[in-house]
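# Structural overview
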Amino acid sequence: MDLQSSETLQITCEEDLVRVRQATRARAVLLGLSLVNLTKIVTAASELARNTLTFGGGGTAIVATVHNGDRPGLRLIFEDHGPGITDIELAMKDGYTGGKGLGLGLGGSKRLVNEFEISSRVGEGTRVSITRWK
Amino acid sequence: MERIPILRMGDVLLVSIQVDMHDRLAQTLQEELAERVVKDRARGVLIDISVLEIVDSFIGRLLGRIASISRILDAETVIVGMQPAVSITLVELGISLDGVRTALNVERGMELLASSISLRTQE
Ligand SMILES: Nc1ncnc2c1ncn2[C@@H]1O[C@H](COP(=O)(O)OP(=O)(O)OP(=O)(O)O)[C@@H](O)[C@H]1O
Ligand SMILES: [Mg+2]
């Protein structure tokens, strides 16, 4: 699986969340994702980018085109050097929020994509990678 | 400052969301709508989201809050024009929009509001 082409976006303010959504959408259109799949990954991108900003204190989003054999896909990687997540299993649960959200961002994003990977170290930061195949 | 226009049609305030809103702008809309409901003595609020390409948990929560605030101020909210792909995604995300009335398009939404306003006026 190779990272064919990608772009990196900074996430430091609310306007950056709009930019992450737009970059995700543009690449999904380029890849020819169906409207439903496009909507799903842009929504997941919005959730994860907001977590990066709100809880991670800002970070980066990598928006990349990837291939699995002949099958193209869209991969997004969100990374921050914030406080990290103590209990990932708990954070993934629907309805769990450490802030004042609905606690749907992580669990919901996982349902909206084909692949979801999260890793986090307390005091070091959090990294979430999602992929939607065409 | 950037704002989302709020139009008035009789008893109803009409908001047509035309852009991918950043969070602060969405928040502003909630506050301005509450003020306008009181100032214009509106009985209904119609929010057209047909142009919105996604509704994430933030916007979903905001729509729910707008409906609750309006209800307390004696106005009813109807959300219209949600794209099918958006509704599928919302459900999968886990947002049910409980307590928010929806209609297919502006016309149906206005009908819904008109009949519920006249019902409430008779009471
Ligand atoms: N990048 C991150 N850094 C540190 N903590 C995080 C990060 N992302 C998520 N969390 C923690 O995981 C919890 C759950 O996240 P999730 O996105 O599911 O819900 P939420 O953001 O609280 O609410 P919602 O997304 O519904 O608005 C957060 O409340 C936060 O405590
Ligand atoms: Mg979240």
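See above for the structure.
Note that the coordinates shown come from a computational prediction; the quantities given were computed from them, not determined experimentally.

### A look at the overall build of chain A
Across its full length, chain A holds four helices and five strands. For chain A, the succession of helices and strands along the chain, N to C, is β-α-α-β-β-α-α-β-β. Its C-alpha atoms give chain A a radius of gyration of 14 Å, within 12% of the compact-globule value 14 Å for 134 residues. With respect to the principal axes defined by its C-alpha atoms, chain A has extents near 40 × 25 × 25 Å. Within chain A, the proportion of its 134 residues that are buried is 50%. By sequence separation, contacts in chain A at least 24 residues apart represent 64% of the contacts at least 6 residues apart. A total of about 6,400 Å² of accessible surface is found on chain A, and carbon and sulfur atoms cover 49% of it.

### Brief notes about the site of ligand 1
In the region of ligand 1, 21 residues are neighbours, and N51, D80, T97, G98 and L104 of chain A sit closest. One chain alone does not account for the residues near ligand 1; they come from chains A and B. In the model, an oxygen atom of ligand 1 is placed 2.6 Å from a nitrogen or oxygen of the G98 of chain A main chain. Interatomic distance of 3.0 Å between a side-chain N/O atom of R61 of chain B and an oxygen atom of ligand 1. When ligand 1 sits alone it has 600 Å² of accessible area, and the protein chains cover 92% of it. Broken down by secondary-structure element, the contributors of at least two residues to the shell around ligand 1 are α2 (35–54) and α4 (105–112) of chain A together with α2 (57–72) of chain B. Here the residues of the shell around ligand 1 are counted per class, giving seven nonpolar, 11 polar and three charged.

### Section: the interface of chain A and chain B
One frequent convention defines the size of an interface as the accessible area lost when the parts assemble. Taken together, the contact between chain A and chain B spans 23 residues of the former and 20 residues of the latter. In total, chain A and chain B occlude about 2,000 Å² of area from one another, counting both sides; carbon and sulfur atoms represent 54% of this. Where chain A touches chain B, the interface holds eight salt bridges. At the level of elements, α1 (14–31), α2 and α4 of chain A are the ones that each hand at least two residues to the side of chain A that touches chain B. If you tally residues by element for the side of chain A that touches chain B, the top one is α2 of chain A, at nine residues. Of the residues that constitute the side of chain A that touches chain B, the class distribution is eight nonpolar, six polar and nine charged.

### As for the pattern of salt bridges
Inspection of every chain in the model, using the stated rule, returns 17 salt bridges over all chains. Ionic pairing is found between E15 of chain A and R24 of chain B, a salt bridge with its closest N-O pair at 2.9 Å. Of the two residues, E15 of chain A sits in helix α1 while R24 of chain B sits in helix α1 (residues 23–39), which places them in two different chains. The exposure class of E15 of chain A is partly exposed, given its relative accessible area of 25%. Residue E115 of chain A is joined to R75 of chain A by a salt bridge in which the shortest nitrogen-to-oxygen separation is 3.8 Å. With E115 of chain A in strand β4 (residues 115–121) and R75 of chain A in strand β3 (residues 71–80), the pair connects residues that are 40 residues apart, well separated along the chain. The exposure class of E115 of chain A is partly exposed, given its relative accessible area of 28%.

### Some thoughts on the pairing of β4 of chain A
All names here are of chain A. Here β4 pairs with strand β5 (residues 125–133) via seven bridges, running antiparallel. Within β5, the residue paired with S119 across the bridge is R127. The antiparallel hairpin formed by β4 and β5 contains three residues in its connecting segment, where G123 sits at a positive phi of about 85 degrees.

### Remarks on helix α4 (residues 106–122) of chain B
At 3.6 residues per turn, the α-helix brings residues three or four places apart onto the same side. All names here are of chain B. Relative to the 24 Å expected for 17 residues at 1.5 Å per residue, α4 spans 24 Å between its end C-alpha atoms, a close match to the ideal helical length. Residues G109, L113, S116 and I117 constitute the buried set of α4. An end-on view of α4 places all buried positions within 105 degrees of arc, on one side of the element. For α4, exposure combined with an orientation more than 90 degrees from the buried face picks out E107, L119 and Q122. Next to the buried residues of α4 lie β2 (12–16), β3 (44–48), β4 (76–80) and β5 (101–103).

Reading the values: the criteria
Residues numbered from 1 in each chain as written. Chains lettered and ligands numbered in written order. Predicted model: local features only at pLDDT ≥ 70, side-chain atom pairs only at ≥ 80, totals over all residues. Heavy atoms only, no water. Helix = DSSP H or I, 4+ residues; strand = E, 2+ residues; numbered from the N terminus. Rg over C-alpha atoms; globule rule 2.2 N^0.38 Å. Buried < 20%, exposed > 50% of the residue type's maximum accessible area, 1.4 Å probe, protein only. Contact = heavy atoms within 4.5 Å. Areas by Shrake-Rupley, 256 points an atom, 1.4 Å probe, with all protein chains shown as cover. Near = heavy atom within 4 Å. Polar contact = N/O pair within 3.5 Å; in protein donor to acceptor, adjacent residues only side chain to side chain. Nonpolar A, V, L, I, M, F, W, Y, C, P; charged D, E, K, R; others polar. Buried area = accessible area lost by both parts, 1.4 Å probe. Salt bridge = Lys/Arg side-chain N within 4 Å of Asp/Glu carboxyl O. Pairing = 2+ DSSP bridges. Expected span 1.5 Å × (residues − 1). Arc of directions from axis to C-beta.

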